[in-house]
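# Observations on the three-dimensional arrangement
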Amino acid sequence: MSINFSATDVRTCEACWSAPVTAVRHTEGGRDLLCRACAESGRPRRGDLFPPYGIYRLHRPANQTAALIRGDER
């Protein structure tokens, strides 16, 4: 079985971020590009475990409105 990569697909495992992609796991949300070890062990993608907003705490401060953050009010 060969993997058909698109121009935007990653070439490094989405679970361990160190090994090259050798397996594809199809999910309801698309597909996961994994190395063989991560695919066989059933590891989840790191993006599922650590979403960007959870890691960096990127959220709107409670004391400001969205208009102030965007700079709409002068």
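Analysis parameters
Residues numbered from 1 in each chain as written. Predicted model: local features only at pLDDT ≥ 70, side-chain atom pairs only at ≥ 80, totals over all residues. Heavy atoms only, no water. Helix = DSSP H or I, 4+ residues; strand = E, 2+ residues; numbered from the N terminus. Buried < 20%, exposed > 50% of the residue type's maximum accessible area, 1.4 Å probe, protein only. Polar contact = N/O pair within 3.5 Å; in protein donor to acceptor, adjacent residues only side chain to side chain. Contact = heavy atoms within 4.5 Å. Salt bridge = Lys/Arg side-chain N within 4 Å of Asp/Glu carboxyl O. Phe/Tyr/Trp six-rings, centres within 6.5 Å; stacked < 30°, edge-to-face > 60°. Lys NZ or Arg CZ within 6 Å of the ring centre and 35° of its normal.

### Quick look at the side chain of aspartate 9
Structurally, the position occupied by aspartate 9 is in the segment before β1 (23-27). A relative accessible area of 18% means that aspartate 9 is categorised as buried. Polar side-chain contacts of aspartate 9 include one of 2.9 Å to the backbone nitrogen of serine 6. Of note is the side chain of aspartate 9, whose polar atom sits 2.3 Å from the side chain of arginine 31. Once residues lying within four places of it in the same chain are set aside, the contact partners of aspartate 9 are Asn4, Arg31 and Leu33.

### Quick word on the pattern of salt bridges
Taken as a whole and assessed by the stated rule, the structure comprises five salt bridges. Among the ionic pairs, arginine 31 bridges to aspartate 9, the shortest N-O distance being 2.3 Å. Here arginine 31 is found in strand β2 (residues 30-34), whereas its partner aspartate 9 is found in the segment before β1, with 22 residues between them in sequence. With relative accessibility at 29%, the residue arginine 31 sits in the partly exposed group. Arginine 36 is paired through a salt bridge with glutamate 40; the nearest N and O atoms lie 3.7 Å apart. With a gap of four residues between them, arginine 36 and glutamate 40 both fall in helix α1 (residues 36-41), about one helical turn apart. The burial state of arginine 36 is the same as that of glutamate 40; both residues are exposed. Counted as one network, the salt bridges with shared partners bring together Glu14, Arg25, Asp32 and Arg45.

### Side note on the packing of aromatic side chains
All told, the structure shown has zero aromatic pairs when counted by the stated rule. Seen from the ring of phenylalanine 5, arginine 11 lies directly overhead, with NZ or CZ sitting 4.4 Å from the centre. When the ring centre of tryptophan 17 is taken as reference, the NZ or CZ atom of arginine 46 above it lies at 4.7 Å.

Nothing here speaks to function; it is all geometry.
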